[in-house]
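Okay, here's what each chain looks like letter by letter:
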Amino acid sequence: MRRQIIALSLSILAAQGLEAQENPLIPADFHHRYVEVPLDHGDPEAGVFSLYYELSSNFDFDQPTVFYIVDSQQYARGADPLKERYQFSDALNLVLIEYRGRTQSPIDFTKEDGSMDWEKAYRLLASRQAVEDIDAVRQDLFRDHPGTRIHLYGRSGGAYLIHEYLAVHPDQAARAFTRAAPNPLVMHQLGNPESKALVEGLAAVDPTLPQTLETILADETVPPRQLLWLLLQLPYSDSSAPDLQAQIINELSEGNTATYTESRTEPRYHLTDELLGQLVGQMGPGSLLRPLECDGPYLLGPEPEYPDPVYSSFRFVSEPYISLIEERGFPEPHYPSLESFRAVRTEVFYLAGRNDHISPWQIAVELGKWFPNYAHFIADDTHVMSCL
């Protein structure tokens, strides 16, 4: 039923002319390029599609080249805007690769009856496909400059995609800057500290708050899914979020919904099928897959005995793919082994946030045991590095 609702949301978006695939393709020139790549790198005979990538306006083959990596849940508006936003030097080229299946790199995931083909999306939008897309762009761009080693830059899921790339192509990148990258295997080994961020943060404010939250959820004072989603979203950019979370919980325990309601004025604080339909319409069905790829061992495991918005919210987001695994026996996402990182020649830097509730800073420490050429820094910041 939920997948039907998401498909309905997509049909509404199409009727309104808001689907990204309706935008005209950008004409190819030196800075705007397309390369044909397999739909399925594991089955090259299954056909090809055109993957779009963009070069910054200062591009010069005599300069070092940085690939800015986005995953299936991230969006970036052009190489030059990125270069300006992140203050890349004019002495560096910037390359932006569009994630497969989006506006300039369309793949049709619609069945004959108009519904979403989640099986096809799961196969073709997996990060292992994007890994090979990155290398296809590298080969296409530097076909007349063999031996060129690229540089990689990514944040959050895009940073984890860089680590996935390095596990398969350990020799092609000279340096990689990775910010707040999750790692499902490391998080699983650590006992999933991201799952305890909420209850530990609340307990630091008031040891009774976790139990108060459990009571509110059980009584359904407000819709539990919406409350947990709000509590998950608040710490992304606010290191003082536990205080606001505590205020919301204390007020709800008294039947007061004022701060809860005031904190949900933006649509992104409402976890609904309509919101996910809009997300799919803007960034493709892969946007619902990435949480599962980044934390699959936990999300596919048993529900924790304590309130955890990571588990409940991300299972809701990735439900179309989780159902393929749990109900139909599809394989879990592929997680590169930590052992594979030992062969990586790239110099890897990891920037972590001490208050990051999604990619805990402990990941940065643990990865240093596996990457041979590695350094990390733990900033007094959150997942989105809003203080830097």
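Description of the structure in this document.

About the criteria used
- Residues numbered from 1 in each chain as written.
- Predicted model: local features only at pLDDT ≥ 70, side-chain atom pairs only at ≥ 80, totals over all residues.
- Heavy atoms only, no water.
- Axes fitted to C-alpha atoms, helices over the stretch in contact; angles between N-to-C directions.
- Helix = DSSP H or I, 4+ residues; strand = E, 2+ residues; numbered from the N terminus.
- Parallel < 35°, antiparallel > 145°, perpendicular 65-115°, else oblique.
- Left-handed = near helix turned anticlockwise from the far one by under 90°.
- Contact = heavy atoms within 4.5 Å.
- Nonpolar A, V, L, I, M, F, W, Y, C, P; charged D, E, K, R; others polar.
- Phe/Tyr/Trp six-rings, centres within 6.5 Å; stacked < 30°, edge-to-face > 60°.
- Buried < 20%, exposed > 50% of the residue type's maximum accessible area, 1.4 Å probe, protein only.
- Lys NZ or Arg CZ within 6 Å of the ring centre and 35° of its normal.
- Pairing = 2+ DSSP bridges.
- Salt bridge = Lys/Arg side-chain N within 4 Å of Asp/Glu carboxyl O.
- Core = buried A, V, L, I, M, F, W, Y, C linked by side-chain atoms within 4.5 Å.
- Expected span 1.5 Å × (residues − 1).
- Right-handed = clockwise from strand over helix to strand, strands pointing away.

## Considerations on the packing of helix 8 (residues 209-219) against helix 10 (residues 241-253)
Then step 1. Closest axis-to-axis distance for the helix 8/helix 10 pair is 10 Å, and the angle between their directions is 50°. One way to sum up the angle between helix 8 and helix 10 is to call them oblique. By crossing handedness, the relation of helix 8 to helix 10 is classed as left-handed. Residues Leu209, Thr212, Leu213 and Ile216 of helix 8 form the contact with helix 10, whose participating residues are Ala246, Ile249, Asn250, Leu252 and Ser253.
Then step 2. Taken together, the residues of the contact of helix 8 with helix 10 break down into six nonpolar, three polar and no charged.

## So, the packing of helix 4 (residues 127-141) against helix 5 (residues 157-168)
Then step 1. Look at helix 4 against helix 5: their axes get within 9 Å of each other, and the N-to-C directions meet at 70°. Comparing their axes, helix 5 and helix 4 come out roughly perpendicular. Touching Ser127, Ala130, Val131, Glu132, Ile134, Asp135 and Arg138 of helix 4 are Leu161, Glu164, Tyr165 and Val168, all from helix 5.

## So, the packing of aromatic side chains
Then step 1. The full count for this structure, using the stated rule, is 17 aromatic pairs.
Then step 2. On the basis of an interplanar angle of 25° and a centroid distance of 5.5 Å, the ring pair of tyrosine 68 and tyrosine 153 is categorised as stacked. Pair noted here: tyrosine 68 is in strand 3 (residues 65-69) and tyrosine 153 is in strand 5 (residues 150-155), with a separation of 85 residues, a long-range link.
Then step 3. According to the relative accessible area criterion, tyrosine 68 is buried, its value standing at 2%.
Then step 4. For tyrosine 153, a relative accessible area of 12% translates into the label buried.
Then step 5. One Lys or Arg, arginine 33, reaches over the ring of phenylalanine 30 and ends 4.7 Å from the middle of that ring.

## A closer look at the pairing of strand 5
Then step 1. Across the six residues that make up strand 5, a large majority, five, are buried.
Then step 2. Pairing between strand 3 and strand 5: four bridges, direction parallel. By the bridge assignment, valine 66 is partnered in strand 5 with histidine 151.
Then step 3. Examined bridge by bridge, strand 5 and strand 6 (residues 173-179) share six bridges and lie parallel to one another.

## Describing the sheet that holds strand 7 (residues 347-353)
Then step 1. With mixed pairing, eight strands are arranged side by side in an open sheet as 1-2-4-3-5-6-7-8. Either end of the sheet is taken by a strand with one partner, and the two such strands are strand 1 (32-38) and strand 8 (374-379). On average, each strand axis in the sheet is tilted by 20° relative to the strand beside it, whichever way the strands run.
Then step 2. Along the sheet, helix 4 contacts strand 1, strand 2 (48-55), strand 3, strand 4 (93-97) and strand 5; its crossing angle with strand 2, the most-contacted strand, is approximately 65°.
Then step 3. Sheet strands touched by helix 5: strand 3, strand 5, strand 6 and strand 7. Its angle to strand 5, the strand with the most contacts, is close to 140°.

## A look at the pattern of salt bridges
Then step 1. The full count for this structure, using the stated rule, is 15 salt bridges.
Then step 2. Its salt-bridge partner being arginine 100, residue aspartate 133 comes within 2.7 Å of it at the nearest N-O pair. Of this pair, aspartate 133 sits in helix 4 while arginine 100 sits in the loop between strand 4 and helix 3 (118-124), and the two are 33 residues apart along the sequence.
Then step 3. Overall, aspartate 133 belongs to the buried group, its relative accessible area being 3%.
Then step 4. With a shortest N-O distance of 3.9 Å, aspartate 171 and arginine 345 are connected by a salt bridge.

## Section: the nonpolar core
Then step 1. Within the largest apolar cluster, 79 residues are counted, with the highest numbers of intra-cluster contacts made by Phe67, Val95, Leu152, Leu166, Tyr321 and Leu367.
Then step 2. Sort the elements by how many residues they give to this core and helix 5 lands first, with seven residues.
Then step 3. Apart from the residues within four sequence positions on either side, valine 95 is in contact with Tyr53, Glu54, Leu55, Phe59, Thr65, Val66, Phe67, Tyr68, Val137 and Leu141.
Then step 4. Counting 19 residues, the second largest nonpolar core, distinct from the first, contains Ala246, Ile249, Leu252 and Tyr260.

## Details of helix 5
Then step 1. Between its terminal C-alpha atoms helix 5 stretches 17 Å, which fits the 16 Å expected from twelve residues at 1.5 Å a residue.
Then step 2. Burial analysis of helix 5 places eleven of its twelve residues in the buried class, which makes it a mostly covered element.
Then step 3. Among the residues making up helix 5, those that are buried are Gly157, Gly158, Ala159, Tyr160, Leu161, Ile162, His163, Glu164, Tyr165, Leu166 and Ala167.

## Focus: the pairing of strand 8
Each regular strand carries side chains that alternate between the two faces of the sheet.
Then step 1. Sheet topology note: the strand 7/strand 8 ladder contains six bridges and is parallel. Looking across to strand 8, one finds that phenylalanine 349 is bridged to alanine 375.
Then step 2. Once the chain exits strand 7 it traverses helix 16 (residues 362-367) before rejoining the sheet at strand 8, and the crossover so formed is right-handed.

Honestly, it's all geometry; don't read function into it.
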